[in-house]
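In case you want the letters, here they are:
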Amino acid sequence: MKISSQTKQKIAFTLLGAAAVLVIVPVIVIFAILIEKGLPAINWQFLTAMPRMGMRAGGIFPAIMGTMYLVLGTIVVALPLGVLAAIYLVEYARQNWLTRMIEVAIVNLAGVPSVVYGLFGMGLFVIFLRFGASILAGSLTLAIMILPVIITASKEALSSVPRSFREASLALGVSKWQTIRCVVLPNALPGILTGTILGISRAAGETAPILFTVAAFYLPRLPKSVFDQCMALPYHLYVLSTQVPNVNPKIQYGTALVLVGLVFLLNLVAIITRSYIRSKKQW
Amino acid sequence: MVTPTENDLKNQEGIGPVTQGDKIVIENLSIDYGTVQALKNVSFSVKEREILGVIGPANSGKTSFLRALNRLNDLDLSVRTRGSIRLNGKDVFRQMDAEEVRKKVTMVFALPIPLPMSIFDNVAYGPRRHGVKDKRELVKIVEKSLQAAFLWDEVKDRLSSSAMKLSGGQQQRLCIARTLAVDPEVILYDEPCSGLDPISTAKVEEAMFELKAKYTQILVTNNVKQAARVGDRVAFFLMGELVEIDEADKLFTAPRDKRTDDYITGRFG
Ligand SMILES: Nc1ncnc2c1ncn2[C@@H]1O[C@H](COP(=O)(O)OP(=O)(O)O)[C@@H](O)[C@H]1O
Ligand SMILES: [Mg+2]
């Protein structure tokens, strides 16, 4: 029997469609399970109280705050560094072996497993620079981990600003740096922010990089300075699931739901920012 | 090589072939892109407050020439420039920095390039970057520049709306206003009407006429008639060479070179 090309096409489309649908199935399942089992645990007290009874009761407030601090510290370090590096690479660097090395390094950094960042951060920040396990060391480690994401996104955003805008500005006798600051950067901002938020959402969810550099097993109080340890959601979840016996699964799922919700929220902010600025963009 | 001291530089001003009334003196200017020679050993001068039309077929080096005048060619690392250009007697390559040159010799591009900001901010862009902070002074500069570019009446009620919403012709006049706002001495136009309808073109030309009182203008155009209408003198470029430069009426009625004649009568190009 001969199958007509029409039929073949239909079969191909069906298969492709099925593959695409398969992608969203795990997402839906994960969310469904998390919401079903975690939502009952979530209430005001769970979000704002300290853990009690060896984390088997009470809330996860210090873990939420710890993750917030880490996210903030990571932004403070990674955003300026990443954007400045991208500006250098896009606007100033000439094509030579040094810039090629930098680009290769960025690509490779993006592929390094997160546990390696954790060990690196411990070696460099915790031990060698004597920061100890601290928010500082953890933020720096996370920042290095997401630098490639921020640099790559920023580079793309900067290069997508039309050359004609730069020339229009330069042709008025405006300096190159002022042109970058006043024309290029504002127009690249949406892309830079999107990349940053995606990087940050990755940082918020990672366990391995904070494992040796900042995360506290059980610390039912808030950190007082950047040299303090803190709890963090991903590590707390790991601890609840593997290190503490007899934890009510409700609490585990509740913690997971908060973590996923937080990351989801960050991604949502990125998407909304991007589409908002895109709708305002006029070129 | 001995680097000239400041005194030497001062002494150099006013000597050489700078005669009274020469705004720009171009000597033996050659421009190469790698192996492509875009401009071949061109020498002539541009007079104070004239409109110099520059005509010639595509790829004859007109744009490269303009971009040498305000050193925009510096941005392209493959460009090699030889010879000299002097503005008010000062060598733009050796005695001025690029920003200083560009502030005095500004450029209006072929396609209007409004920056993605309001009409007011577009015109105020240059002065702001050059340090004008006083709001009232900025308002004054913006109004004056828009008036000089014949755009004021059309936009005075919507200065804060986006420049991207203007029509093509209005955008081009906005770009002229933006260059005027930095108080230049020379304005370069690179085929500024190539994307405009005849009415917008007429308005841009009208603006150029008015600007003659104060500025030296160089208009590169692919439209021979426009050069005849607007130019005091006209230069004809062909394959990187300056074939002829003369008063507009002379060049168009009695060209000295056969190639000029062929081009203006439309036999090639
Ligand atoms: N950026 C560039 N790189 C390489 N060659 C160029 C570049 N710009 C112009 N050229 C070449 O220089 C010559 C003159 O070009 P151009 O100055 O743009 O002429 P016109 O403006 O008269 O059309 C052309 O042969 C063109 O191909
Ligand atoms: Mg051209």
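The numbers attached to residues start from 1 for each chain and follow its sequence in the written order. As a convention, the first chain written is A and the first ligand written is 1, with the rest following in written order. Local features in a predicted model are, by the rule used here, given only for residues with pLDDT of at least 70; side-chain atom pairs are given and counted only at 80 or more, and totals for whole chains, interfaces and linings are based on all residues. The basis for every side-chain value is the complete set of non-hydrogen atoms in the structure, without hydrogens or water.

## Some remarks on the overall build of chain A
Part 1 of the argument: Put simply, DSSP H or I for four residues or longer makes a helix, DSSP E for two residues or longer makes a strand, and each gets a number counted from the N terminus. The helix and strand tally for chain A stands at eleven helices and two strands.
Part 2 of the argument: Starting at the N terminus, the α and β elements of chain A follow one another as α-α-β-β-α-α-α-α-α-α-α-α-α.
Part 3 of the argument: Taking the principal axes of its C-alpha atoms as reference, chain A extends roughly 70 × 70 × 35 Å.
Part 4 of the argument: The buried share of chain A, taken over its 283 residues, is 42%.
Part 5 of the argument: The Shrake-Rupley method, run with a 1.4 Å probe sphere, supplies the accessible areas, and residue values consider only the shown protein chains as cover. Counting only carbon and sulfur atoms, one obtains 70% of the accessible surface of chain A, whose full area is about 14900 Å². The cut-offs for exposure are 20% and 50% of the maximum accessible area for each residue type, with area from a 1.4 Å probe on protein chains only; residues under the lower value are buried, those over the upper are exposed, and the others partly exposed.

## Focus on the site of ligand 1
Residue and element names in this part refer to chain B.
Part 1 of the argument: Close contacts around ligand 1 come from Tyr33, Val36, Ala38, Pro57, Ala58, Asn59, Ser60, Gly61, Lys62, Thr63, Ser64 and Asp76, and that covers them all.
Part 2 of the argument: Counted as a polar contact is a pair of N or O atoms within 3.5 Å, where, for protein atoms, one must be capable of donating a hydrogen and the other of accepting one, and residues adjacent in sequence contribute only when both atoms are in side chains. Within the backbone of glycine 61, a nitrogen or oxygen atom sits 3.1 Å from an oxygen atom of ligand 1.
Part 3 of the argument: In this structure, serine 64 approaches ligand 1 through a side-chain N or O atom, which is 2.5 Å from an oxygen atom.
Part 4 of the argument: For ligand 1, whose unbound accessible area comes to 550 Å², protein coverage reaches 66%.
Part 5 of the argument: Those elements giving two or more residues to the shell around ligand 1 turn out to be strand S2 (36-47) and helix H2 (62-69). The cutoff for a nearby residue is simple: one of its non-hydrogen atoms must lie within 4 Å of the molecule or strand.

## Description of the nonpolar core
Part 1 of the argument: Formed by 56 residues in total, the largest nonpolar core has its most connected members in Ile24(B), Ile26(B), Phe44(B), Phe65(B), Leu69(B) and Ile218(B).
Part 2 of the argument: Tallying contributions element by element places helix H8 (residues 176-205) of chain A first for this core, with seven residues.
Part 3 of the argument: With sequence-adjacent residues up to four places away left out, Phe65(B) is seen in contact with Ile26(B), Leu29(B), Ile31(B), Leu39(B), Phe44(B) and Phe237(B). Think of a nonpolar core as a cluster: buried Ala, Val, Leu, Ile, Met, Phe, Trp, Tyr and Cys residues, connected wherever their side-chain atoms sit within 4.5 Å. The contact definition used throughout considers only heavy atoms, calling two residues in contact when any of these lie within 4.5 Å.

## Things to note about the sheet that holds strand S9 (residues 233-238) of chain B
Residues and elements named next belong to chain B.
Part 1 of the argument: Spatial ordering of the open sheet is given by S6-S7-S8-S3-S9-S10, a layout of six strands whose pairing is mixed. Every interior strand has two partners, whereas the edge strands, strand S6 (105-108) and strand S10 (241-247), have only one. Sheet twist, expressed as the average angle between the axes of neighbouring strands with direction ignored, equals 20°.
Part 2 of the argument: Here an axis means a line fitted to C-alpha atoms, over the contact stretch when the element is a helix, while the angle between two N-to-C directions is reported on a 0 to 180 degree scale. Against the sheet, helix H7 (residues 168-180) engages S6 and strand S7 (186-190), with an angle of about 170° to S6. Note on pairing: two strands pair once DSSP finds at least 2 bridges between them.

## What about the confidence of the model for chain B?
Part 1 of the argument: Per-residue pLDDT for chain B has a mean of 89; in total, 92% of the residues score no lower than 70.
Part 2 of the argument: Contacts for the low-pLDDT stretch residues 1-18 of chain B, under 50 throughout, to residues beyond four places or in other chains number 13 contacts. Every residue gets a pLDDT, meaning the predictor's confidence in that residue, from 0 to 100.

## Some remarks on the pattern of salt bridges
Residues and elements named next belong to chain B.
Part 1 of the argument: Any Lys or Arg side-chain nitrogen located within 4 Å of an Asp or Glu carboxyl oxygen qualifies as a salt bridge. For the coordinates displayed, the defined rule picks out 25 salt bridges over all chains.
Part 2 of the argument: Salt-bridge contacts for aspartate 121 lead to arginine 128; the nearest nitrogen and oxygen are separated by 2.9 Å.
Part 3 of the argument: Within this structure, Lys23, Glu48, Arg49 and Glu185 form a network of salt bridges that share partners.

## Here's the deal with the packing of helix H5 (residues 135-148) of chain B against H7(B)
All names here are of chain B.
Part 1 of the argument: Running from amino to carboxyl end, H5 crosses H7 at an angle of 130°, the nearest separation of the two axes being 8 Å. Classified by the angle between their axes, H5 and H7 sit oblique to one another. Crossing geometry of H5 relative to H7 is assigned as right-handed. Mapping the contact onto sequence places Ser145, Leu146 and Ala148 in H5 and Leu174, Ala177 and Leu180 in H7.
Part 2 of the argument: Note on residue categories: nonpolar means Ala, Val, Leu, Ile, Met, Phe, Trp, Tyr, Cys or Pro, charged means Asp, Glu, Lys or Arg, and polar means any other residue, Gly included. The residue inventory of the contact of H5 with H7, partitioned by class, reads five nonpolar, one polar and no charged. Angle categories are assigned with fixed cut-offs, so that under 35 degrees is roughly parallel, over 145 is roughly antiparallel, 65 to 115 is roughly perpendicular, and the rest are oblique. Each helix crossing is assigned a hand: it is left-handed if the near helix lies turned anticlockwise from the far helix by less than a right angle, otherwise right-handed if that turn is clockwise.

## Some points on the side chain of Arg233(B)
All names here are of chain B.
Part 1 of the argument: Topologically, arginine 233 is positioned in strand S9.
Part 2 of the argument: Among the polar contacts listed, one links the side chain of arginine 233 to the backbone oxygen of serine 45, at a separation of 2.7 Å.
Part 3 of the argument: Residues contacting arginine 233, with those up to four places away along its chain left out, are Ser45, Val46, Lys47, Glu50, Ile51, Leu52, Gly53, Ile245, Asp246, Glu247 and Ala248.

## Considering the pairing of S7(B)
Residues and elements named next belong to chain B.
Part 1 of the argument: By the criterion of burial, S7 is predominantly enclosed, with five of the five residues buried.
Part 2 of the argument: Here S7 shows no split at all, with Val186, Leu188 and Asp190 on one side and Ile187 and Tyr189 on the other all buried.
Part 3 of the argument: Two elements, S6 and S7, share four bridges in a ladder whose sense is parallel. By the bridge assignment, valine 105 is partnered in S7 with valine 186.
Part 4 of the argument: Here S7 runs beside strand S8 (residues 216-220); their pairing, made up of five bridges, is parallel. Looking across to S8, one finds that valine 186 is bridged to threonine 216.
Part 5 of the argument: Chirality of the crossover, the property in question, places the unit of S7, helix H8 (residues 198-211) and S8 among those that are right-handed. Note on handedness: a clockwise path from strand one over the helix to strand two, with the strands aimed away from the viewer, defines a right-handed crossover.

## Regarding the environment of Ile51(B)
Residues and elements named next belong to chain B.
Part 1 of the argument: Among the secondary structure elements, isoleucine 51 is positioned in strand S3 (residues 51-55).
Part 2 of the argument: It is 9.8 Å that separates the C-alpha atoms of isoleucine 51 and leucine 188, two residues lying 137 residues apart in sequence.
Part 3 of the argument: Ignoring sequence-local partners within four residues, the contact set of isoleucine 51 consists of Met208, Lys212, Gln217, Val230, Gly231, Asp232 and Arg233.

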